[in-house]
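Summary of the model geometry
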Amino acid sequence: RQRDVFVVQTGGYSATGTVNDHLMELLILVDACRRAAASSITVVMPCFPYGRQDKKDRPRAPLSARLVANLLETSGTTRLMLCDLHAAQIQGFF
């Protein structure tokens, strides 16, 4: 309670799971930290999941990078440290 928490997650595809598995695991961890009354939750990721889907290339195409940003924000993430952003415009999603 009332501690700063750092959650490290790969965010990409690996031998232990897919991008979706890692993203869901991250959201559950962040939610558990928030419910345990963490003072702040910092997520550290080497890459941003769905970071390449940051703009519409056709009508009614999803902005998946924006959706992931909203999910992280809603789950309780207070800070996000990323090592590799596909495009600088992803910063505007937060």
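Structural notes, computed from the coordinates.

Reading guide: rules and limits
Residues numbered from 1 in each chain as written. Predicted model: local features only at pLDDT ≥ 70, side-chain atom pairs only at ≥ 80, totals over all residues. Heavy atoms only, no water. Salt bridge = Lys/Arg side-chain N within 4 Å of Asp/Glu carboxyl O. Helix = DSSP H or I, 4+ residues; strand = E, 2+ residues; numbered from the N terminus. Buried < 20%, exposed > 50% of the residue type's maximum accessible area, 1.4 Å probe, protein only. Polar contact = N/O pair within 3.5 Å; in protein donor to acceptor, adjacent residues only side chain to side chain. Contact = heavy atoms within 4.5 Å. Core = buried A, V, L, I, M, F, W, Y, C linked by side-chain atoms within 4.5 Å.

With that out of the way, let us pick up the pattern of salt bridges. Applying the stated criterion across every chain yields a total of 2 salt bridges. Arg 34 is paired through a salt bridge with Asp 31; the nearest N and O atoms lie 2.5 Å apart. Here the residue Arg 34 and the residue Asp 31 both occupy positions in helix α1 (residues 19-35), the gap between them amounting to 3 residues, near one helical turn. A salt bridge links Asp 31 to Arg 35, with the nearest nitrogen and oxygen atoms 2.7 Å apart. Residue Asp 31 and its partner Arg 35 are located together in helix α1, separated by 4 residues, close to a single helical turn. Overall, the relative accessible area of 62% leaves Arg 35 in the exposed class. A single salt-bridge network, built from bridges that share partners, covers Asp 31, Arg 34 and Arg 35.

What follows deals with the side chain of Ser 75. Looking at where Ser 75 falls in the secondary structure, it is placed in helix α2 (residues 64-75). At 2.9 Å, the side chain of Ser 75 and the backbone oxygen of Leu 72 are in polar contact. In contact with Ser 75, not counting residues within four places along its chain, are Leu 27, Val 30, Asp 31 and Arg 34.

Here we come to the nonpolar core. By size, the foremost hydrophobic cluster in this structure holds 14 residues, and its most contacted members are Leu 26, Phe 48 and Leu 72. When residues of this core are traced back to their parent elements, those giving at least two are α1, β2 (40-47) and α2. Per element, the largest residue contribution to this core is 5 residues, and it comes from α1.

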